[in-house]
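Chains, contacts and geometry: an overview
Residue-level listing of the chains:
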Amino acid sequence: MATRVLQSVGNGLKQTRNGLHTNGQVTVIIRSLSASHNRNREDSWFKSLFVRKVDPRKDAHSHLLAKKEDSNLYKIQFHNVKPECLDAYNQLCENVLPSIHADPHYPCELVGTWNTWYGEQDQAVHLWRYRGGYPALTDVMGKLRQNKEFMDYRNERGKMLLSRRNQLLLEFSFWNEPVPRPGPNIYELRSYQLRPGTMIEWGNYWARAIEFRQQNHEAVGGFFSQIGNLYMVHHLWAYKDLQSREDTRNAAWQHDGWDEVVYYTVPLIQHMESRIMIPMKSSPLK
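Residues numbered from 1 in each chain as written. Predicted model: local features only at pLDDT ≥ 70, side-chain atom pairs only at ≥ 80, totals over all residues. Heavy atoms only, no water.

Turning next to the overall build of the chain. Helix and strand content of the chain: 8 helices and 8 strands. Expressed as a percentage of the 286 residues in the chain, the buried residues total 42%. For the chain, long-range pairs separated by at least 24 residues make up 83% of all intrachain contacts whose partners lie at least 6 apart in sequence. With the model as given, the accessible surface of the chain reaches about 16000 Å², and the carbon-plus-sulfur share is 54%. (Helix = DSSP H or I, 4+ residues; strand = E, 2+ residues; numbered from the N terminus. Buried < 20%, exposed > 50% of the residue type's maximum accessible area, 1.4 Å probe, protein only. Contact = heavy atoms within 4.5 Å. Areas by Shrake-Rupley, 256 points an atom, 1.4 Å probe, with all protein chains shown as cover.)

Bringing the side chain of arginine 129 into the picture now. You can see arginine 129 is positioned in strand S3 (residues 123-131). The buried category is assigned to arginine 129, whose relative accessible area is 5%. Polar side-chain contacts of arginine 129 include one of 3.1 Å to the side chain of tyrosine 74. Separated by 2.7 Å, the side chains of arginine 129 and glutamate 109 make a polar contact. If near-sequence neighbours (up to four positions away) are discounted, arginine 129 is found in contact with Asn72, Leu73, Tyr74, Pro107, Cys108, Glu109, Val111, Glu177 and Pro178. (Polar contact = N/O pair within 3.5 Å; in protein donor to acceptor, adjacent residues only side chain to side chain.)

This prediction gives the chain a mean pLDDT of 82; 76% of its residues lie at or above 70. Across the chain, element-level confidence peaks in strand S5 (residues 186-194) with a mean pLDDT of 98 and bottoms out in helix H1 (residues 2-47) with 43. In the model, residues 1-52 has pLDDT below 50 throughout and makes 22 contacts with residues more than four positions away in sequence or in other chains. (pLDDT = per-residue confidence, 0-100.)

What follows is about helix H5 (residues 148-158). Of the residues making up H5, those classed as buried are Phe150, Tyr153 and Arg157. The arc that holds the buried residues of H5, viewed along the axis, is 55°, so those residues lie on one side. Exposed positions of H5 whose direction lies more than 90 degrees from the buried face are Lys148 and Asn155. On the buried face of H5, the contacting elements are strand S1 (72-81), helix H3 (86-102), helix H4 (133-144) and strand S4 (161-171). Put simply, asparagine 147 is the residue that caps the front of H5, since its side-chain oxygen is 3.0 Å from the backbone nitrogen of glutamate 149. (Arc of directions from axis to C-beta.)

Right, let's get into the pairing of strand S2 (residues 108-118). Sheet faces and side chains relate simply in a regular strand, where the side chains alternate between the two faces. Among the 11 residues in S2, 8 count as buried, and that is most of the element. The pairing of S2 with S3 spans 7 bridges and is classified as antiparallel. Within S3, the residue paired with tryptophan 114 across the bridge is valine 125. Between the antiparallel neighbours S2 and S3 lie 4 residues, among them glycine 119 with a positive phi of about 125°. Of the pairings in the sheet, the one linking S2 to strand S8 (residues 269-279) comprises 4 bridges and is antiparallel in character. (Pairing = 2+ DSSP bridges.)

With that settled, consider the packing of aromatic side chains. A ring pair, where both rings are aromatic, is described by two values, the distance of the centres and the angle of the planes. A complete count under the given rule lists 16 aromatic pairs for this structure. Ring centres of tryptophan 114 and tyrosine 187 lie 5.8 Å apart, and the angle between their planes is 55°; this geometry places the pair in the tilted category. With tryptophan 114 in strand S2 and tyrosine 187 in strand S5, the pair connects residues that are 73 residues apart, well separated along the chain. Comparing tryptophan 114 with tyrosine 187, the two get one shared label, buried. Note on tyrosine 263 and tyrosine 264: the rings are 5.1 Å apart at their centroids and 85° apart in plane angle, and the pair reads as edge-to-face. Tyrosine 264 sits in the buried class, given a relative accessible area of 13%. Among the aromatic residues, those joined into a ring-pair cluster are Trp175, Tyr192, Trp202, Trp206, Phe212, Trp237, Trp253 and Trp258. Here the basic side chain of arginine 165 rests over the ring of phenylalanine 78, its NZ or CZ set 4.3 Å away from the ring centre. Just above the ring of tryptophan 237 sits the side chain of arginine 213; from NZ or CZ to the centre is 4.1 Å. (Phe/Tyr/Trp six-rings, centres within 6.5 Å; stacked < 30°, edge-to-face > 60°. Lys NZ or Arg CZ within 6 Å of the ring centre and 35° of its normal.)

In this section: the packing of helix H6 (residues 199-209) against helix H8 (residues 258-265). Interaxial distance between H6 and H8 falls to 10 Å at its minimum, and their mutual angle equals 160°. Judged by the angle between their axes, H6 and H8 are roughly antiparallel. Regarding H6 and H8, the two cross each other, and that crossing is left-handed. Along its contact with H6, which presents Trp202, Tyr205, Trp206, Arg208 and Ala209, the element H8 presents Trp258, Glu260, Val261, Tyr264 and Thr265. For the contact of H6 with H8, the residue count by class is 7 nonpolar, 1 polar and 2 charged. (Axes fitted to C-alpha atoms, helices over the stretch in contact; angles between N-to-C directions. Parallel < 35°, antiparallel > 145°, perpendicular 65-115°, else oblique. Left-handed = near helix turned anticlockwise from the far one by under 90°. Nonpolar A, V, L, I, M, F, W, Y, C, P; charged D, E, K, R; others polar.)

Right under this line is the structure:
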């Protein structure tokens, strides 16, 4: 009798051990799924901390991210100049571009014009603003085709260039509008090629991040592309010199929340580029 009881207990323990062994993988999987669910909930909670959340399903990105109170359109031009022609090219721009900027006949403004110092060499960058959006751009282009001085400028310029490209941009609502500033300054144009579908997420994070980058008035303007390379973002910064740039950027890491912005925005980027630029003599951004 005692022997049968002990044998029965032993068989029960063996079955229990086998059951635990058989179900072990299921238990691990359940715990893994539970942990993953908790992490997702934590990520969602952290993301909810960022300001100016928008729903990308309700409207176009341009309506959600751009300023509502105006209809400014920006054009950025990149001109790659033959090295031996750079001085002549700069002088040609000095002779023609300021007159267009100052003429009220043209609803456009030269925001800034630069030569690249570090980055792509022998390059000029021009940033124009069209107050009135696409109609203003169309108006200016039509009038310039009737401007003999400008057409002569274009013909002469073409002899000096290796290549050129441009983009039409809108301005992020949470950035400053670029305004003339005294110099001397150096300017950094940081360009980000984002993964398609991530522009809204980028805007949500940077609506908070820009607060950390206003301490030394370094923020000049922030833009996103409408025509040209799409899902392209440009941030324009001003510094007194390269050391000031280094000090200012390092100081951002002392603000609570900056590390989170960097952590969550880096995965949104496919490619990024930095240009250090020197203003031309006629640039309103000195």
